[in-house]
Amino acid sequence: MVQQPLPAEYTSLTDDEVSSRIEAAKAKLGKRAVVLGHHYQRDEIIKHADFTGDSYKLAKHAAAHPDAEFIVFCGVHFMAESADILTTLDQKVILPNLAAGCSMADMANRFQVKTAWKQMGQHLDLSEVIPITYINSAANIKEFVGRNGGAVCTSSNARGALEWALERGSRVMFFPDQHLGRNTAVDMGFDPDEDMVLWDPFKRMGGIDPEKLKKAKFILWKGHCSVHARFTVEQIEKARKDHPDVNVLVHPECTLDVVNASDLDGSTEFIKKTIEDAEPGSTWAIGTEINLVSRLGQEHPDKTVFCLDPQICPCATMYRIHPSFLLWTLEKLAEGEVVNQISVPEETAKWSKIALERMLEISADPKAKKA
Ligand code: 13P
Ligand code: SF4
């Protein structure tokens, strides 16, 4: 779906006009609409959200409001799709800007995943391979996982999901984020060289020697997040040199080296909670998206909070949810016109719902790895 340009009347409003009209439209819609905001959204969106959270928490919120006619999801496409799958047929999920995608989710498409599965099947007993997809993936990838006995996971329950998978099979195929897969498996005690292989979807047999494949416990997909790929061990070393008392807290989409060099890692909700619970006067270098880091700094002036990367690192697609788009969608809904609805086809929704419900059954475990 392509995002149409905003009607001209929405492009010349002041920030205050946009904000007060959003509140007016929300008041008009009342309980008919619930606005969800991911932690990476800009402050001008977060202040209008009824609920904020990481992917796991927002998926739960979407499923927990069956009375709301509209779920307006200020996040990215895969989050809105998941919300549509988890809500009832009568509910409508709205993504304020259809161009808000996720470059990591785009790194695995259904054709590539099915091809990989088939090629793997020439060397492995597929009934022993449990597919786990990160929620950052298209609905038809979740469908594939649901059909093949697997589950969806988020950064807050990835370990539970991998344990769940290994109770049901002897290997895990994990996509699309190699780093979340590797970091989680290492956290469980597996060896990144001995127990894992990296499947490159652009190479035959993923570029993996079949003998190595047969020995692997984890087949990781060659995908990554370009925002989190920016964080380096050198940045952590510099932060420690400049601030000897610093605590380094990163998202598990960072590389293994970065996670190993950090003090703590976890989902965006875990990052937020950790800063909320931190001692006044403590210092925190955070390796995640800049909107969240800046907000945490503003909300906790008694603590020193800064981004590990001195060059700011926004998620460009999250940023596409401009307040004017939120205003436009809310005012249209209030006028009785549904715009930007995200609707997953029935057959895809049926199987992906199974995989997402398995995810919701595996509890979030925002544990502190090295606390
Ligand atoms: P969380 O589930 O931790 O919010 O992460 C989502 C995401 O896209 C991080 O890049
Ligand atoms: Fe996707 Fe990375 Fe943005 Fe998260 S931060 S939504 S993984 S591109």
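Residues numbered from 1 in each chain as written. Chains lettered and ligands numbered in written order. Predicted model: local features only at pLDDT ≥ 70, side-chain atom pairs only at ≥ 80, totals over all residues. Heavy atoms only, no water.

What follows deals with the packing of helix α5 (residues 110–120) against helix α6 (residues 139–147). Look at α5 against α6: their axes get within 9 Å of each other, and the N-to-C directions meet at 25°. Compared by their axis directions, α5 and α6 come out roughly parallel. Taken together, the residues of α6 that come into contact with α5 (itself represented by Arg110, Val113, Lys114 and Trp117) are Asn140, Ile141, Glu143 and Phe144. Looking at the contact of α5 with α6 residue by residue, the class counts come to four nonpolar, one polar and three charged. (Axes fitted to C-alpha atoms, helices over the stretch in contact; angles between N-to-C directions. Helix = DSSP H or I, 4+ residues; strand = E, 2+ residues; numbered from the N terminus. Parallel < 35°, antiparallel > 145°, perpendicular 65-115°, else oblique. Contact = heavy atoms within 4.5 Å. Nonpolar A, V, L, I, M, F, W, Y, C, P; charged D, E, K, R; others polar.)

Turning to the site of ligand 2, a few remarks are in order. Within the structure, ligand 2 sits among Tyr40, Cys102, Ser103, Met104, Asn136, Cys225, Val227, Glu253 and Cys315. Classifying every residue of the shell around ligand 2 by side-chain character gives six nonpolar, two polar and one charged. (Near = heavy atom within 4 Å.)

What follows concerns the packing of helix α3 (residues 55–63) against helix α4 (residues 77–86). Helix-helix packing is characterised by the crossing angle of the two axes and by the distance between the axes. Following both chains from N to C, one finds α3 and α4 inclined at 35°, their axes separated by 8 Å at the closest point. Considering only the axes of α3 and α4, their crossing is right-handed. Counted together, Ser55, Ala59, Ala62 and Ala63 of α3 and Phe78, Met79, Ala83 and Leu86 of α4 form the full contact between these two elements. For the contact of α3 with α4, the class distribution of residues is seven nonpolar, one polar and no charged. (Left-handed = near helix turned anticlockwise from the far one by under 90°.)

A few words on the pattern of salt bridges. In the structure shown here, the tally under the stated rule is 22 salt bridges. The partner of Arg110 in a salt bridge is Glu143, and the shortest N-O contact between them spans 3.4 Å. Note that Arg110 is positioned in helix α5 and Glu143 in helix α6, a separation of 33 residues in sequence. By relative accessible area, which is 23% here, Arg110 ends up partly exposed. Two residues, Lys332 and Glu335, come together in a salt bridge whose shortest N-O distance is 3.7 Å. Pair noted here: Lys332 and Glu335 are both in helix α14 (residues 323–335), with a separation of three residues, about one helical turn. Salt bridges sharing partners connect three or more residues here, namely Arg110, Glu143, Arg147 and Glu347. (Salt bridge = Lys/Arg side-chain N within 4 Å of Asp/Glu carboxyl O. Buried < 20%, exposed > 50% of the residue type's maximum accessible area, 1.4 Å probe, protein only.)

Across the sheet, which stays open at both edges, the five strands sit in the order β6-β5-β7-β9-β8 with parallel pairing between neighbours. Since the sheet does not close on itself, it has two edges, and those belong to β6 (151–153) and β8 (196–199), each with one partner. Sheet twist, expressed as the mean angle between neighbouring strand axes with direction ignored, is 25°. As defined by bridge partners, strand β7 (residues 171–175) adjoins strand β9 (residues 218–221) across three bridges and the pair is classed as parallel. Across the sheet, Val172 pairs through a bridge with Phe218, a residue of β9. Set on the sheet, α5 makes contact with β5 (129–134), β7, β8 and β9; between it and β7 the angle comes to about 160°. (Pairing = 2+ DSSP bridges.)

The quantities given are spatial measurements derived from coordinates; they are silent on function.
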